[in-house]
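Fold and geometry: a report
If you want the building blocks of each chain, they are given just below.
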Amino acid sequence: LWFLWPILDSAYVADDIPNSQRSAHLAFYSENWLQFVVRGTRQWMQSEGRFFPVATLENVLLFHTIHSRFIYKSLQLIFILFLILTLSYLVRLLTNCWRASLLVLIFFAASLQVRVWYDPTISFGLLLPSVGIKAICALILILLGIRSEKKWYRRSYFFVASISWALALMQYEVVLLIAPLAVLIAYHETQYTKRVRLAAVVAIALPSITYTIFSLILRSGVLPSAAYTTNTDPGAFLPTLNYQVLGAIPLTVPYSRVDNRFRISDTIAHLSIINIIVCLVAVVAIAHLILSLGIFSRKTRVTVFLFGAILIVMPAVPTSLSVRWQAEVGPGHAYLPVMLQYLGTTMLLLVATTETKNLIKLLIRKNKTVLKSLTVCFATVLSVGSIAIICVNRSGIEFTNSTFRGFQSDREIFEATVRRGLVDNSLRDGVFLYSKYDPNLWINMEYV
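Small disclaimer: the values here were computed from a predicted structure and weren't measured. (Residues numbered from 1 in each chain as written. Predicted model: local features only at pLDDT ≥ 70, side-chain atom pairs only at ≥ 80, totals over all residues. Heavy atoms only, no water.)

**Observations concerning the overall build of the chain**
A count of helical and extended segments in the chain gives 20 helices and 0 strands. Whereas a compact globule of 448 residues would reach a radius of gyration of roughly 22 Å, the chain reaches 24 Å, a difference of no more than 12%. Once the C-alpha set of the chain is aligned to its principal axes, its extents read approximately 90 × 55 × 45 Å. Counting every position in the chain, which comprises 448 residues, the buried fraction comes to 52%. Counted over contacts in the chain with a minimum sequence separation of 6, partners at least 24 positions apart contribute 83%. Surface summary for the chain: the accessible area is close to 21,500 Å², and the carbon and sulfur share equals 67%. (Helix = DSSP H or I, 4+ residues; strand = E, 2+ residues; numbered from the N terminus. Rg over C-alpha atoms; globule rule 2.2 N^0.38 Å. Buried < 20%, exposed > 50% of the residue type's maximum accessible area, 1.4 Å probe, protein only. Contact = heavy atoms within 4.5 Å. Areas by Shrake-Rupley, 256 points an atom, 1.4 Å probe, with all protein chains shown as cover.)

**Thoughts on the packing of helix H5 (residues 69-95) against helix H6 (residues 98-111)**
At a minimum axis separation of 8 Å, H5 and H6 run at an interaxial angle of 145°. The chirality of how H5 crosses H6 is right-handed. Contacts between H5 and H6 involve Ile80, Ile84, Leu85, Leu87, Ser88, Val91, Arg92 and Thr95 from the former and Trp98, Ala100, Ser101, Leu102, Val104, Leu105 and Phe108 from the latter. Here the contact of H5 with H6 is built from residues that sort into 11 nonpolar, 3 polar and 1 charged. (Axes fitted to C-alpha atoms, helices over the stretch in contact; angles between N-to-C directions. Left-handed = near helix turned anticlockwise from the far one by under 90°. Nonpolar A, V, L, I, M, F, W, Y, C, P; charged D, E, K, R; others polar.)

**Things to note about a nonpolar patch on the surface**
Together, Trp33, Leu34, Val38, Leu57 and Leu61 make up a nonpolar patch on the protein surface, roughly 390 Å² of accessible area in all. Counting residues per element, the ones that place at least two in the nonpolar patch are helix H3 (33-48) and helix H4 (53-65). Looking at which element gives the most residues to the nonpolar patch, the answer is H3, with 3 residues. Tracing the chain through its elements places Val38 in helix H3. On the accessibility criterion, Val38 (35% relative accessible area) is partly exposed. (Patch = residues over 30% accessible without salt bridge, like charges linked within 9 Å, V, L, I, M, F, W, Y side chains within 5 Å. Salt bridge = Lys/Arg side-chain N within 4 Å of Asp/Glu carboxyl O.)

**A look at the side chain of Asp119**
Inspection of the secondary structure assignment puts Asp119 in the loop between H6 and helix H7 (127-147). Polar contacts involving the side chain of Asp119 include one to the main-chain amide nitrogen of Arg115, which spans 2.9 Å. A distance of 2.8 Å separates a polar atom in the side chain of Asp119 from the backbone nitrogen of Thr121. Once residues within four sequence positions are removed from consideration, Asp119 is found in contact with Gln113, Val114, Phe124 and Leu336. (Polar contact = N/O pair within 3.5 Å; in protein donor to acceptor, adjacent residues only side chain to side chain.)

**A few points about helix H18 (residues 368-403)**
In an α-helix, one turn spans 3.6 residues; hence positions three or four apart end up facing the same way. The first and last C-alpha atoms of H18 sit 52 Å apart over 36 residues, in line with the 52 Å expected at 1.5 Å per residue. Where H18 begins, the capping side chain belongs to Asn367, and its oxygen is found 3.2 Å from the backbone nitrogen of Thr369. (Expected span 1.5 Å × (residues − 1).)

**Looking at the side chain of Ser23**
Mapped onto the fold, Ser23 is located in helix H2 (residues 22-28). Each residue touching Ser23, except ones within four places of it in the same chain, is listed here: Phe63, His64 and His67.

**Description of the packing of aromatic side chains**
One pass over the full model with this rule turns up 14 aromatic pairs. Summarising the aromatic geometry, the rings of Phe108 and Tyr342 are spaced 6.3 Å apart at their centres and angled 85° between planes, so their arrangement reads as edge-to-face. Separated by 234 residues along the polypeptide, Phe108 in helix H6 and Tyr342 in helix H17 (residues 338-363) bring together distant segments of the chain. The exposure class of Phe108 is buried, given its relative accessible area of 3%. Taken together through their ring pairs, the aromatic side chains of Trp117, Tyr118, Phe124, Trp325 and Tyr335 make up a single cluster. Here Arg263 stacks its cationic end above the ring of Tyr255, 5.9 Å away from the centre of that ring. The residue whose ring lies beneath Arg394 is Trp2, and the NZ or CZ to ring-centre distance is 4.5 Å. (Phe/Tyr/Trp six-rings, centres within 6.5 Å; stacked < 30°, edge-to-face > 60°. Lys NZ or Arg CZ within 6 Å of the ring centre and 35° of its normal.)

And the structure:
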């Protein structure tokens, strides 16, 4: 909460600017939200060969229902919290270690970086957190289904998992590439029968295969725009993949020099007394978690590592194949799927922590005093480093907020003027003109 709190002060950014005017546009064109969903879905199918009605539906319901920026930003914060809590619970189930699940929260906060660009954290209508929640919940459900002793419960878990996964696919098709995570779960649960584990994989594979076939049919004969045109040339694909993956690695945004935000030394120098106290308490708590972290089985460690590898790489592939994003993704700029990649970074950091601690114990197991000292040093350094990175990420959100402040203040001044009747009183028979007319911002006929 301390880390994400500045989100509440962020402006409407990118697609959120026109989307937040959805009610005005519906009223202007005498269209209801259902008609908009149908029309939007058909338009994307015909022009781009894409099918994501769940994204369109959630978006229009969100912005047509909520007109308060504060409430919307509160939902952004809540959805991100819920996303990482679902991953934390999945890790708890896989490792049977609540300390590991708490470390997941810390490592996710160290991974998440907000950009002055297309960013999935403070814009795009909760799209990526919502997709991630559905996908991770589906994986949790198949895991619970495998472990369920009652057949009826097991079938219910698998059925709901299929629905949740299908909804995620129909919201953002990048989910298709992380379907192998279901196989990893089946691999991990070897104490259960092959039939049950196969049923769990089928619960994820069936909607994935169905969606893939439908998408291939839909895209045949369509000439999509550059954003959805594929270019497999390694000279264009690999550099984009590199930048997209790096976007999920801690500190890559502030140290990319893409803007003038604070880095570690600047951030620490600007911390208030209260924030320093919060950080010191967090350092002690995280170090304690690391020191008391148990040893996982080799199978569990391999599973968590592969989970992380798949989550950090596979969501980056569609973006890296796109003609448009091959030209735009670069240092400090990673496109929307980076939100799912943060989950992969989190898992990899967890594995790195446990493996390093195990390695220290393996190398110096004969001298208990040295072992204890080195373990304490490792836990302290990792804890301090994590909190320092989280502070940098928090200041990054504040930097982004200040950069976009103009979008917020211009529009809110205009809205306040309208609410007070000043426009009606002064321009009763006049024309409203603005030098920065832009239909993609708030200065457009429908909204005014």
